[in-house]
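Here are the chains, one letter per residue:
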Amino acid sequence: MNEPTDFGPDRPVLLRGGTVLPMDDAHSVLPCTDVLVVGDRIAEVGQDLPAPDGAVVVDATDGIVMPGMIDTHRHMWQTAMRGYGADWTLTQYFVWYYLEYGKLWRPEDVHAGNLLAAIEAIDAGVTTVVDWSHGLRTVDHADAAVDALQAVPGRFVLAYGNIQAPPAEWTGAPEFRDFVRRRITGDDMLGFQIAFDVTGDPAFPEKPAFEVARDLGVPVTTHAGVWGATSDDGIRLMHEHGFMTPETVYVHAASLSADSYHRIAATGGSISVSTESEQSAGQGYPPTWAIRAHDIPVSLSMDTSVWWSGDLFSAMRTTLGADRSREHMEAHVKGETVTHCSLRADQVVDWATRGGARAIGRGDDLGSIEAGRKADIVLIKNDASPVSFPLLNPYGHVAFQAQRGDVHTVLVNGRVVKHEHRLVGVDLAAARREVERTVEYLRSTLGEEAWQKGMNPDIPETKILDNPYTYTDYHSASTHSR
Ligand SMILES: [Zn+2]
């Protein structure tokens, strides 16, 4: 390992000679191209650019340079319980977090989860994350969430939520308004949304919360079309009351009717698809195969690391797989064969970058590599990996071949936060200590039995079918044939 490079705040960065995916409408590929970053922006994209005085030159040869990825829905506080719920269904998740143990979370536990999730994000080249933070029981919890996000050099959007109280209640509290005034100050690195779900109750109890959002001029993000939890009724109520806007982000939207998709498309909102989540929790089938036909903008998200991975390579891969799987299945039911894939690798890379930027209202300055845009950039390059070559189809490479370990260099807002596979200026050991304290607190509070039971839900019995062919028959048949 070389001596750590000095990344002074004023040093330009030149990414030299990579295959650049600028993420334009043509989904271009720019071979042997340089990207120059000066300050917080991309200054120039081109070939053989001269390195300005004092520039840090990063050799991007044999690598892919792409915009930082954007995750539009992650419950970052839950990263403190990484992997605990690997075998859960949505029902078990709701019981564990919503009904039983979510209320145990102290502000320091939200801090611990957010800190680790934030570090994990930049390490994986996810330069912007919407922190769908629905564990904010008090404003102290919210302050802790923001403290953690601001301690890590990534770009974040706090989507303020609280599953322990009705949204009309907490959004109407004076301390909520005070929090917004104190902490959401227009800082380019910290956006803001309000996060709550619409139950479909005909009385529409969420109306005051929507009014607060409108009054503050901030977007609402909502889990919509979640089997057994939210449905077409919620969408209809939102639409009828005029609360569906282009800024609204519908998470999952996996069990909605065509009528709801029409309403979303007509009002300009976008859908955050969490394929890894939808595939195993049970919200409904990952919906890209359906919503493509409605021309609804898509972004990608990972939902929660209590179950799943926190990197968008997995999101791209599983989304392509689920979409194609559904197309094949629908065709086979009709006795037909799909001969051409509709959803392409470049499209999911677009969703992971430009789609996310658009969803959070930053389509003008994030999500693509072009002079003048914010410098949130990822270099995928791993010379030690046999998977790094040949690099024939860069979009296909990102979607199906690359993984988080291949993230070589990451810039956020022009600042190098990862270089040569190592985080820069991040105290991972401190995050580990915080998370250990949280796990210890939760485990001892629950008690060992409840802790183990929560992690190991009962397995339904699988009935092995009667088989008309027996091993003995096979054996005698094969003996006869000789
Ligand atoms: Zn979620």
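Placed above this text is the structure.
Each value, and the rule that gives it
Residues numbered from 1 in each chain as written. Predicted model: local features only at pLDDT ≥ 70, side-chain atom pairs only at ≥ 80, totals over all residues. Heavy atoms only, no water. Helix = DSSP H or I, 4+ residues; strand = E, 2+ residues; numbered from the N terminus. Rg over C-alpha atoms; globule rule 2.2 N^0.38 Å. Buried < 20%, exposed > 50% of the residue type's maximum accessible area, 1.4 Å probe, protein only. Contact = heavy atoms within 4.5 Å. Lys, Arg positive; Asp, Glu negative; His and termini not counted. Charge placed at Lys NZ, Arg CZ, Asp CG, Glu CD. Donors = N, O, S within 2.8 Å, 3.2 Å for Na, K, Ca; no water. Tetrahedral: all angles 85-135°; square planar, octahedral: opposite > 155°, others 65-115°. Axes fitted to C-alpha atoms, helices over the stretch in contact; angles between N-to-C directions. Parallel < 35°, antiparallel > 145°, perpendicular 65-115°, else oblique. Left-handed = near helix turned anticlockwise from the far one by under 90°. Nonpolar A, V, L, I, M, F, W, Y, C, P; charged D, E, K, R; others polar. Pairing = 2+ DSSP bridges. Right-handed = clockwise from strand over helix to strand, strands pointing away. Arc of directions from axis to C-beta. Expected span 1.5 Å × (residues − 1). Polar contact = N/O pair within 3.5 Å; in protein donor to acceptor, adjacent residues only side chain to side chain.

Notes on the overall build of the chain
Part 1 of the reasoning: Broken down by element type, the chain carries 16 helices and 17 strands.
Part 2 of the reasoning: Scaling as 2.2 N^0.38, a compact globule of 482 residues should have a C-alpha radius of gyration of about 23 Å, and the chain matches this with 24 Å.
Part 3 of the reasoning: The burial tally for the chain puts 54% of its 482 residues in the buried class.
Part 4 of the reasoning: Pairs at least 24 apart in sequence give 75% of the contacts found in the chain among residues at least 6 apart.
Part 5 of the reasoning: Counting 40 positive and 66 negative side-chain charges, the chain places the centres of these two groups 1 Å from one another.

Let's talk about the coordination of the zinc ion
Expected angles at a metal are 109.5 degrees for tetrahedral coordination by four donors and either 90 or 180 degrees for octahedral coordination by six donors.
Part 1 of the reasoning: Protein coordination of the zinc ion is provided by His73 (NE2), His75 (NE2), His223 (NE2) and Asp303 (OD), with donor distances spanning 2.1 to 2.5 Å.
Part 2 of the reasoning: Taken together, the four donor atoms coordinating the zinc ion span angles of 80 to 173° at the metal, a pattern that classifies the geometry as irregular.
Part 3 of the reasoning: Sequence positions of the donors to the zinc ion reduce to the motif H-x1-H-x147-H-x79-D. On the criterion of sequence distance, the pair formed by His223 in strand 10 (residues 220–224) and Asp303 in the loop between strand 13 (298–300) and helix 11 (312–333) is long-range, its members being 80 residues apart.
Part 4 of the reasoning: Residue Asp303 is classed as buried on the basis of its relative accessible area of 5%.

Focus on the packing of helix 3 (residues 139–150) against helix 5 (residues 174–183)
Part 1 of the reasoning: Two elements in contact, helix 3 and helix 5, have axes whose closest approach is 10 Å; the angle formed by their N-to-C orientations is 20°. Compared by their axis directions, helix 3 and helix 5 come out roughly parallel. Here the hand of the crossing between helix 3 and helix 5 comes out right-handed. Between helix 3 and helix 5, the residues in contact are Val139, Ala142, Asp143, Val146, Asp147 and Gln150 and Glu175, Phe176, Phe179, Arg182 and Arg183, respectively.
Part 2 of the reasoning: For the contact of helix 3 with helix 5, a count of residues per class yields five nonpolar, one polar and five charged.

As for the pairing of strand 12 (residues 270–273)
Part 1 of the reasoning: Burial of strand 12 is two-sided: the residues Ser270 and Ser272 facing one way and the residues Ile271 and Val273 facing the other way are all buried.
Part 2 of the reasoning: By the bridge criterion, three bridges tie strand 11 (residues 249–252) to strand 12 in an arrangement that is parallel. Pairing of Tyr250 across the sheet is with Ile271, part of strand 12.
Part 3 of the reasoning: In this fold, the crossover linking strand 11 to strand 12 by way of helix 8 (residues 258–267) has right-handed handedness.

Some thoughts on helix 7 (residues 232–240)
Part 1 of the reasoning: Every buried residue of helix 7 is accounted for by Gly234, Ile235, Leu237 and Met238. Down the axis of helix 7, the buried set is contained in an arc of 165°. They therefore lie on one face.
Part 2 of the reasoning: Here the buried face of helix 7 lies against helix 6 (207–216), strand 10, strand 11 and helix 8.
Part 3 of the reasoning: Just beyond helix 7, the residue with positive phi is Gly242, at close to 75°.

Here we look at helix 3
Counting along an α-helix, one turn takes 3.6 residues, and residues three or four places apart therefore face a common direction.
Part 1 of the reasoning: The terminal C-alpha atoms of helix 3 lie 16 Å apart, and with 12 residues this matches the ideal 16 Å at 1.5 Å per residue to within 8%.
Part 2 of the reasoning: Counting buried residues along helix 3, nine of its 12 residues qualify, which places the element largely inside the surrounding structure.
Part 3 of the reasoning: Those residues of helix 3 lying buried are Val139, His141, Ala142, Asp143, Ala144, Ala145, Val146, Ala148 and Leu149.
Part 4 of the reasoning: Those residues of helix 3 hidden inside the fold are in contact with helix 2 (107–123), strand 7 (126–133), strand 8 (155–160), helix 5 and strand 9 (190–195).
Part 5 of the reasoning: Regarding helix 3, its N-cap is Thr138, as a side-chain oxygen of that residue lies 3.2 Å from the backbone nitrogen of Asp140 further along.

Such coordinate-based values are descriptive only and should not be taken to indicate function.
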